[in-house]
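One letter stands for each residue in the lines below.
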Amino acid sequence: MLKTIVIYIIFLIFAVAIQSNLFTNKILNNSTPDLFVILTVLSALKFNNEKSIIMSFLIGIIADFSTGLIIGPQAAGHLAACLFTISFSKNVYSNRLFSLAIIISAAVFVKEIVSNLVANFFFPNDIFSDRFSFVLSTLPYEIFFTALIAPFFLRILSRKVISNN
Amino acid sequence: MDLLKRNSNTLLVVFLFGLSLQLSSVSIKYPSFPKYGWKLVSFITSPVQELIHESIETTTFVWNKYIWLQSLYEKNQFLELENQELKYEKNKLLELKFENQRLSSLLQYKENTTNKQIVANVIGRDPSNWSMTIKIDKGLNNGILIGNPVINGDGLVGRVSHLDDTHSVVLLLTDPSSSIGALSQNTRTNGIVEGTFSSEFLRLNFVENSLSSQVELGERVVTSGLDGVFPKGILVGYIKDIKEDTGGLFKNIEVTPAINFRKIETVMILTE
């Protein structure tokens, strides 16, 4: 379990660095793939219990910390994405590429909608409406690019996680 | 007890969801609270960010230097930097020219340009796209403080939002929480420029819907200096669209930013 946590932490560090540097300015419409959601989906698929719920919450907290603006909305969003993945993966063959892409796409959508709805309680209305318009305009690209790269990261990470469990 | 065990996952989810709402509330009430978390994450991830940034820069450098003409690349780099400095000086001089035309026979205008400029590289952006910010490789140790204006040769970039000893986060002009006191350079109409999350346009707010408050399409918009944060005369953008709001007090004015926010690589921080 400890090695799994270490692998997750290393991936999180690289996720923050890659998402803030490598993917920016290179992708259409100012959107970036969400590597944090990939990690949340992996923990939901592999553990499928209270461990995955706590891990997804912590991943969301780290995502909030990396922004430095407000803590909580992304934690709620990742929590929702984890719950969605746990319930949805019971009905599909989650080891198939196409199924993984669908799960990831839906998880990104759920996470963005929930985190923005939570933030709505705490941001002024005019900032929130700008933000929601921005999210809706970038969400399709974010979903597409995340689903595109997710199988690659999930295969590598899931091998590391399984071999250490 | 059995009920608790059977519903432990549900209770855990409800507890964590409530915790996230409570943390959000605390973050709004105590804005420094999220900054501590950012400092911790930045301390751990900054070396990796800088490594990735250096790798990209090195790859680009090798490609340009050894694959293409070597001397042309060096000359281009020198001219780019000189061009940035000259653009900034030109914008300042234009504002001086307008000021002098108005005050030429009555006042002795003394320009206050005692700001020190610190050059910094952009090493990353907000990884979650939650806010329009960039991360630069200079911090407290370089004399930077929260609220310092950030510019480049083309115009205003934003201001320092939070920082640690070695890195700073700059809130860009495109973020809706960014508000700049501005005025149109020709018609001298005052307003507030706010971001819209879009890199393509900003909003110039609080320009009255009256004949006395006129702006022109294509007119330059500069900082007014009235907010006490940004020095006067820094180029913000150009008037893109003007809509008269027949029922309202103010006009709806869009401003094209002077700089390309998607391609900022080097910035200058103005300190006292």
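K.L.:
What exactly am I supposed to notice about the confidence of the model for chain B here?
P.N.:
Low-pLDDT stretches of the model should not have their predicted coordinates read in fine detail. All names here are of chain B. When the pLDDT values of chain B are averaged, the result is 83; 89% of them are 70 or greater. Ranking the elements of chain B by mean pLDDT puts helix α1 (residues 2-6) last, at 61, and strand β5 (residues 168-172) first, at 93. Across residues 105-112 the pLDDT falls below 50, and counting only partners more than four positions away or on other chains, this stretch makes five contacts in the model. Here the complex is predicted with pTM 0.77, and the ipTM for its interfaces comes to 0.84.

K.L.:
Help me out: how do you make sense of the sheet that holds strand β9 (residues 220-223) of chain B in this one?
P.N.:
Across a sheet, paired strands are connected by hydrogen bonds in the backbone, their directions being either parallel or antiparallel. Residues and elements named next belong to chain B. The six strands are arranged β6-β7-β8-β11-β10-β9 in a closed barrel whose pairing can be described as antiparallel. Between one strand axis and the next, the sheet turns by 40° as a mean value, whatever way the strands run. In this structure, strand β6 (residues 179-184) lies alongside strand β7 (residues 190-194), joined through five bridges in antiparallel fashion. In the sheet register, Ser 179 faces β7, and the bridge partner there is Glu 194.

K.L.:
Explain the interface of chain A and chain B to me, please; I cannot follow it from the model alone.
P.N.:
Contacts between the two partners involve 46 residues from chain A, matched on the other side by 46 residues from chain B. At the boundary of chain A with chain B, total buried surface from both sides reaches about 4300 Å², with 67% on carbon and sulfur atoms. On the chain A side of the interface with chain B, the three residues burying the most area are A:Asn21, A:Ile71 and A:Phe122, jointly 13% of the side's total. Our count for the chain A to chain B interface comes out at four residue pairs in polar contact (both at pLDDT 80 or more). Those elements giving two or more residues to the side of chain A that touches chain B turn out to be α1 (2-22), α3 (50-67), α4 (73-89), α5 (97-120) and α6 (125-164) of chain A. With 10 residues, the top contributor of residues to the side of chain A that touches chain B is α3(A). In terms of residue class, the side of chain A that touches chain B is built from 27 nonpolar, 16 polar and three charged.

Scoring rules and cut-offs
- Residues numbered from 1 in each chain as written.
- Chains lettered and ligands numbered in written order.
- Predicted model: local features only at pLDDT ≥ 70, side-chain atom pairs only at ≥ 80, totals over all residues.
- Heavy atoms only, no water.
- pLDDT = per-residue confidence, 0-100.
- Helix = DSSP H or I, 4+ residues; strand = E, 2+ residues; numbered from the N terminus.
- Contact = heavy atoms within 4.5 Å.
- Pairing = 2+ DSSP bridges.
- Axes fitted to C-alpha atoms, helices over the stretch in contact; angles between N-to-C directions.
- Buried area = accessible area lost by both parts, 1.4 Å probe.
- Polar contact = N/O pair within 3.5 Å; in protein donor to acceptor, adjacent residues only side chain to side chain.
- Nonpolar A, V, L, I, M, F, W, Y, C, P; charged D, E, K, R; others polar.

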